[in-house]
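Take a look at the letters that make up each chain.
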Amino acid sequence: MNSSDIVSFVLVNLKRMKLRVSLTVLGVIVGTTAIVAMVALGVGMQQSLIRQFNSLGNVNELMVSANRPSANPFEGQVKNVRIDDKLIKEISRINGVKSVVPMINIGNVLVKIQSHKASNVVIQGFSKKETPKISRGSLPKRDDDKAIILSNKFGESFDDKTPLSTGDLLGKQALLKVSRTLDDGSEEVRQIRVRVVAIAEEKGSKADYSNAYIPIGLAKEIWLWQENKPNLIKRQGYSSLVVTVNSPDYADSVLKKLEAKKLTVFSMKQVLDSIQTSFKVIQAVLGAIGSVALLVASIGIINTMIMSIYERTREIGIMKAVGASNKDIIKIFLGEAGFIGLAGGIGGTFLGWILSKVLSALAAFYLSSSGGGNGSPISFIVPLWLAVFAVAFATSVGLIAGIYPALRAARLNPLVALRHE
Amino acid sequence: MAKAITVTNLVRKYTLGEVLVTALDNISLSIEQGEFVSIMGTSGSGKSTLLNLIGGLDRFDSGKIIVDELDIASLDENELAKYRREKIGFIFQSYNLIPTLTAQQNIELPLIFAGVPKDDRLSKTEQILRAVGLEKRMHHRPTEMSGGEQQRVAIGRALINGPSIILGDEPTGNLDSKTGEEIMELLTWMNKENGLTVIMVTHDPEKARYADRTILIKDGRIIG
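Residues numbered from 1 in each chain as written. Chains lettered and ligands numbered in written order. Predicted model: local features only at pLDDT ≥ 70, side-chain atom pairs only at ≥ 80, totals over all residues.

A. Structural view of the overall build of chain A. Scanning chain A for helices and strands turns up twelve helices and 13 strands. In summary, chain A has a C-alpha radius of gyration of 34 Å against a globular reference of 22 Å for 421 residues, an excess of more than 25%. C-alpha extents for chain A along the principal axes are approximately 115 × 50 × 40 Å. Counting all 421 residues of chain A, 37% fall into the buried class. Taking the intrachain contacts of chain A between residues at least 6 apart in sequence as the baseline, contacts between residues at least 24 apart amount to 81%. (Helix = DSSP H or I, 4+ residues; strand = E, 2+ residues; numbered from the N terminus. Rg over C-alpha atoms; globule rule 2.2 N^0.38 Å. Buried ≥ 20, exposed ≤ 12 C-beta atoms within 10 Å, placed from the backbone. Contact = placed C-beta atoms within 7 Å.)

B. Here's a closer look at the overall build of chain B. Helices and strands together make up the secondary structure of chain B, namely seven helices and ten strands. In terms of C-alpha radius of gyration, chain B reaches 17 Å, essentially the compact-globule figure of 17 Å for 224 residues. For chain B, the C-alpha atoms occupy an extent of roughly 45 × 40 × 40 Å along the three principal directions. Looking at chain B as a whole, 47% of its 224 residues are labelled buried. Within chain B, residue pairs in contact and separated by at least 24 positions form 72% of the contacts whose partners lie at least 6 positions apart.

C. View of helix H9 (residues 313–321) of chain A. All names here are of chain A. Most of H9 is tucked away, with seven of its nine residues classed as buried. When we look at burial in H9, the residues that qualify are Glu-315, Ile-316, Gly-317, Ile-318, Met-319, Lys-320 and Ala-321. Once H9 ends, the next one or two residues include Gly-323, with phi positive near 110°.

D. Just the interface of chain B and chain A, in detail. Each partner contributes residues to the interface: chain B has 19 residues there, and chain A has 17 residues. Elements with a minimum of two residues in the side of chain B that touches chain A: helix H2 (77–86) and helix H3 (103–113) of chain B. When residues in the side of chain B that touches chain A are grouped by element, the largest group, five residues, is from H2(B). Residue composition of the side of chain B that touches chain A, grouped by class: nine nonpolar, five polar and five charged. (Nonpolar A, V, L, I, M, F, W, Y, C, P; charged D, E, K, R; others polar.)

E. Quick peek at H2(B). Of the positions making up H2(B), those classed as buried are Leu80(B), Ala81(B), Arg84(B) and Arg85(B). Angular distribution of buried residues about the axis of H2(B) spans 140°; they occupy a single face of the element. (Arc of directions from axis to C-beta.)

F. Examining the nonpolar core more closely. Among the nonpolar cores identified, the biggest contains 114 residues, and Val36(A), Ala40(A), Phe333(A), Ile39(B) and Ile199(B) are the most heavily contacted of them. Of the residues forming this core, the biggest block, 13 residues, is contributed by helix H2 (residues 18–56) of chain A. Contacts of Phe333(A), omitting those with residues within four sequence positions, involve Met305(A), Ile309(A), Gly402(A), Pro405(A), Ala406(A) and Ala409(A). Core analysis: the second largest hydrophobic core is formed by 48 residues, Val121(A), Ile149(A), Ile222(A) and Leu255(A) among them. (Core = buried A, V, L, I, M, F, W, Y, C linked by C-beta atoms within 7 Å.)

G. Representation of the packing of H3(B) against helix H5 (residues 147–159) of chain B within the structure. Residues and elements named next belong to chain B. The interhelical angle for the contact between H3 and H5, taken along N-to-C directions, is 25°, at an axis separation of 7 Å. Considered as vectors, H3 and H5 are oriented roughly parallel to each other. Regarding H3 and H5, the two cross each other, and that crossing is right-handed. In this structure, H3 contributes Ala-103, Asn-106, Ile-107, Leu-109 and Pro-110 to the contact, and H5 contributes Val-153, Gly-156 and Arg-157. (Axes fitted to C-alpha atoms, helices over the stretch in contact; angles between N-to-C directions. Parallel < 35°, antiparallel > 145°, perpendicular 65-115°, else oblique. Left-handed = near helix turned anticlockwise from the far one by under 90°.)

H. The arrangement of the domain arrangement of chain A in detail. Splitting chain A by domain gives domain 1 (3–54 + 274–419) and domain 2 (61–267). In this structure, domain 1 of chain A and domain 2 of chain A have C-alpha centres spaced 55 Å apart. (Domains from an automatic or database assignment.)

I. Layout of the sheet that holds strand S3 (residues 36–40) of chain B. Residues and elements named next belong to chain B. Strand order in the open sheet formed by six strands is S6-S7-S8-S3-S9-S10, with mixed pairing between adjacent strands. Of all strands in the sheet, those bounded by a partner on one side alone are strand S6 (88–91) and strand S10 (221–222). Taken together, the two bridges between strand S9 (residues 213–218) and S10 define a ladder with antiparallel strand orientation. From the neighbouring strand, Ile-217 faces S10, where its bridge partner is Ile-222. Contacts from helix H6 (residues 177–194) reach S3, strand S7 (165–169) and strand S8 (197–202) within the one sheet, and its direction differs from that of S8 by about 150°. (Pairing = 2+ DSSP bridges.)

So, in structure tokens, the structure goes:
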């Protein structure tokens, strides 16, 4: 029997019992819809969490620190290695590493723009290879430019409590006041003039208010002046580095090589990976709950098929008498059950997709009206793999449900079947 | 002449309720290639059982059936299906057509199970429809045809795979005498013109006269 003949047989037979087949397909649609909507909720939750996560840090970045927590609880942190310029060069030669930048944070800086003062500002150094993401302005050309990038809501953190639009500060002169304590206990103050060249993108965290970024060369110079120790980098080294890799795929291999150098590494990707793993479990559980409805539908398929075989017993006898093999009979009935599964799977996936859109829109509406901010945390997302999986799964359920009825039909004695009224 | 069918010491028993019935009791016979044989007997004599066993529709308890050097008892389910498909053409009293299929589709059915490609199937069925005189009924369903026409469709279906043996189980039993004669003419034509071996079960002596030879069965035994 050719496969095209099986298909036309199946379609003709199913057409003969339209109402019954439609109701059975409806059962499969409900089951598939439940699975698609449930897993879509899981995927949506995962993606919104990953989105939030990505705003906190970059999966391409590895935070490298010279210190590690000591095994002795009274000792605190112990220093394993010294991060000096030689080590930085070595690290930058590891396969997949895009850039290595020492982390230099200067705390307790007073920033004065026109008459407005902001104290306790944290200034981070950045390399022109790995700049902060900016929303306005332009990036400095060189690593020792006298420039500053303000965080998105910097204008709201001035001491005089008059919120300013950060955008208005673009292009203005800013005065950075840093101080150091000399050996004799007296305090020395240094002032650096910089220009506001850009405004950073919003991150959705506290860093939006009181952070600022300056080129790494300038940051290093200020830091060395503030620490006031000759040969600081050679003797003590940097406390930490930001290693950026070319793509997240390199994160794990680079991390291993860094750990081999006895460095302590924190990788956003590793954290993200473990979150992804737990979401796979959550999705599987949600999918399993949805599958209960499909299981019930599969009983409907078995019922429909057995009824149909009972009604078509004589026909099966005729087919056997004219030479249909048991395999042919199995193929016809498996085909019918599989088709019910396929049709229900396609319908259910489509309905599940529509339901996901509606539920997402409803969730977004209610959460935004209760002040939920941007990007609803509850969304239903149907990725392509879910659609493909749902259709394949429903078809398999149909086929499996068809096994018993098909075998029953194939095993009929042709003579007994022919005598059936 | 070569023996087409040899039946030796054939026994078939079955239980009817709690009673063990011996439908065929040690039957032996042989039928030659191209012979037209009628099997006569009262109802319950076992004549249909014999026909079904020769056609491979049912299994028997002991004895032997050899058809064209093929030992029927040794065939498994799959080989038996192939045997029915390639060697045998059945014609039943109640036609046994599939009600949802047209005349042409009913005739086409054995070709589908034989895996014949669609284009070949069309030309073959058209040829057969002409041979049984139904080219105008091609797209009619069984309920739209007379009994005689339905039986012609069944004959067409029996012929389509080019079998060597035609088995008719009271093929004229549901037809009026005139139509019955037409069907008998058709069977005779198949036997004489195409050289097919025809075995026909009947209880009508009028119809048995078309055959070369008549075998009488009573209570599962051959009596003449």
